[in-house]
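Given next are the chains, with one letter for each unit.
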Amino acid sequence: MDSPTSFQFPPVYDFPPFFTRQPTLSTWQDQAKQWQTLVLNYCRHQRQFRLTLSEAANSELFNNTAIGRKLPLAAIHEVIQLMVDQGRAEWLDDKKTSRNQCLIYWHSPEEWADLIYQWIQDRALNNSVLTLYELTHDDLSQGAEFHGMDALMLRRVLSTLVSKGKAQVFHNDEAANEAGVKFF
Amino acid sequence: MSRRRVGLSRIHYEMSNKEHFREIGNNIAAVEVEQLQNQLAVFKTNLEEFAQKHQKKIRSNPAFRTQFQKMCQQIGVDPLASNKGFWADLLGFGDFYYELGIQIIEVCINSRHINGGLIAMDDLRRAVEVRRGARAQEINNDDIVQAIKNLAPLGSGFQIVEIGSQKMVQSIPREFNTDQSRILSISQLTGFTTITQVANETGWAPERIVTIMDMLLRDGLCWIDLQHSEPQYWFPTYFFSEYSKI
């Protein structure tokens, strides 16, 4: 799963004006769509569940050093907002003005829930209690796509299973890491 | 000794002569038409025999097909006239160009959001070839031209335009004015241009160039890059020449 192969950027990544927000609406719509696809594919490849925009702006995702072009932060914000609108991202900051962090859903929470539930079924782990840490960061799930999942994202995903009556989460107020989950 | 006819008698004489001549004339004409018709029939038969004999080559060799097309056009036989009948059955032309037309439409429409509805003939042909697969009949640019001609009655609005040294296909009904064509042609080599470059090459005032650039931007034919000392206007149709994945 953790393949060391470097990410294959699409041809448009080498097109200099791709890094300037286009003034023509229809062109921008297409440009933004291509950025969204790129962000999702990139995060999926890098197994990056969370983006900090100010950092990402200087990473290879938004900064093509080979052609000396980078997508301005304001345009990155717009792209992420469009992803949020489509359920492909989620802001982690409450204040609109200082939004800088987000979760990236290359699978939707429902899709993640199905993946995890299926994984549990395949290993007959229903009815055993696992800590959230065990589920995503232990050797147990090594190689699974959800391995290394952001803790907050995991909560979101599990809550969709809880609401379907397929799982129960045991909170531990003193140590969030030790929260547990049981699948039915 | 015959004496000169005068009066009524002369008139009668001349009239009967005229009729006589007309009759002879008509006969000759009829014979000629008949001969011509015979010749044409023979020619058609020969052409059909020729087509039958070289059927494989006409189907598989684009250059040969183009020549054959030209020959047919010159003598007023149109193998594309209908989907039925001898020619279509023999050569499968009707289906061939119909199918090609559909593939051209698909490539043009699917690439429109990238190139703004303007695509180089060679790029279009390559994309169509990918779509057709390795086992399909070989095609050349003349076939693309023919297929686009066949689309005209459907009101497709597809047009072939000459930009600089290249033939390009327009899939959005619009006319380039000479200023736009000039700028498209200036940008052809590098894929982009600047106000300064256009001004140097044309001597136009910057205001005039900005106006044209704005039109090209609005049409989705070019993108602007503001991260350069002078804004650069990039033409995706020159930058992206591979459409194999669309």
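Small disclaimer: the values here were computed from a predicted structure and weren't measured.

Draft legend 1. View of the overall build of chain A. When helices and strands are counted, chain A shows six helices and eight strands. The N-to-C order of helical and strand elements in chain A reads α-β-α-β-β-α-β-β-α-β-α-α-β-β. Summarising its shape, the C-alpha atoms of chain A cover approximately 55 × 35 × 30 Å along the three principal directions. Within chain A, contacts between residues separated by at least 24 positions form 56% of all contacts whose residues are at least 6 apart in sequence. Just so you have it, chain A exposes about 9300 Å², and 48% of that area is on carbon and sulfur atoms. The average position of the 17 basic charges and that of the 22 acidic charges among the side chains of chain A differ by 6 Å.

Draft legend 2. Structural detail: the pattern of salt bridges. Residues and elements named next belong to chain B. Counting across every chain of the model gives 12 salt bridges over all chains. Across the pair Asp122 and Arg125 runs a salt bridge, and its minimum N-O distance is 3.3 Å. Residue Asp122 and its partner Arg125 are located together in helix H6 (residues 121–132), separated by three residues, close to a single helical turn. The salt bridge involving Arg126 is made with Asp123; its shortest N-O contact spans 2.7 Å. Of this pair, Arg126 and Asp123 both sit in helix H6, three residues apart, roughly one helical turn. Relative accessible area serves as the criterion here: at 34%, Arg126 is assigned to the partly exposed category. In this structure Asp123 comes out as buried when scored by relative accessible area, which is 7%. Each of Asp122, Arg125 and Glu129 takes part in salt bridges that share partners, so that together they form one network.

Draft legend 3. Summary view of the sheet that holds strand S6 (residues 232–234) of chain B. Residues and elements named next belong to chain B. The three strands lie next to each other as S4-S6-S5, forming an open sheet whose pairing is antiparallel. At either margin of the open sheet sits one strand with a lone partner, and together these are strand S4 (192–193) and strand S5 (223–225). In terms of strand pairing, S5 meets S6 through three bridges, oriented antiparallel. Along S6, the bridge assignment pairs Trp223 with Trp234.

Each value, and the rule that gives it
Residues numbered from 1 in each chain as written. Chains lettered and ligands numbered in written order. Predicted model: local features only at pLDDT ≥ 70, side-chain atom pairs only at ≥ 80, totals over all residues. Heavy atoms only, no water. Helix = DSSP H or I, 4+ residues; strand = E, 2+ residues; numbered from the N terminus. Contact = heavy atoms within 4.5 Å. Areas by Shrake-Rupley, 256 points an atom, 1.4 Å probe, with all protein chains shown as cover. Lys, Arg positive; Asp, Glu negative; His and termini not counted. Charge placed at Lys NZ, Arg CZ, Asp CG, Glu CD. Salt bridge = Lys/Arg side-chain N within 4 Å of Asp/Glu carboxyl O. Buried < 20%, exposed > 50% of the residue type's maximum accessible area, 1.4 Å probe, protein only. Pairing = 2+ DSSP bridges.

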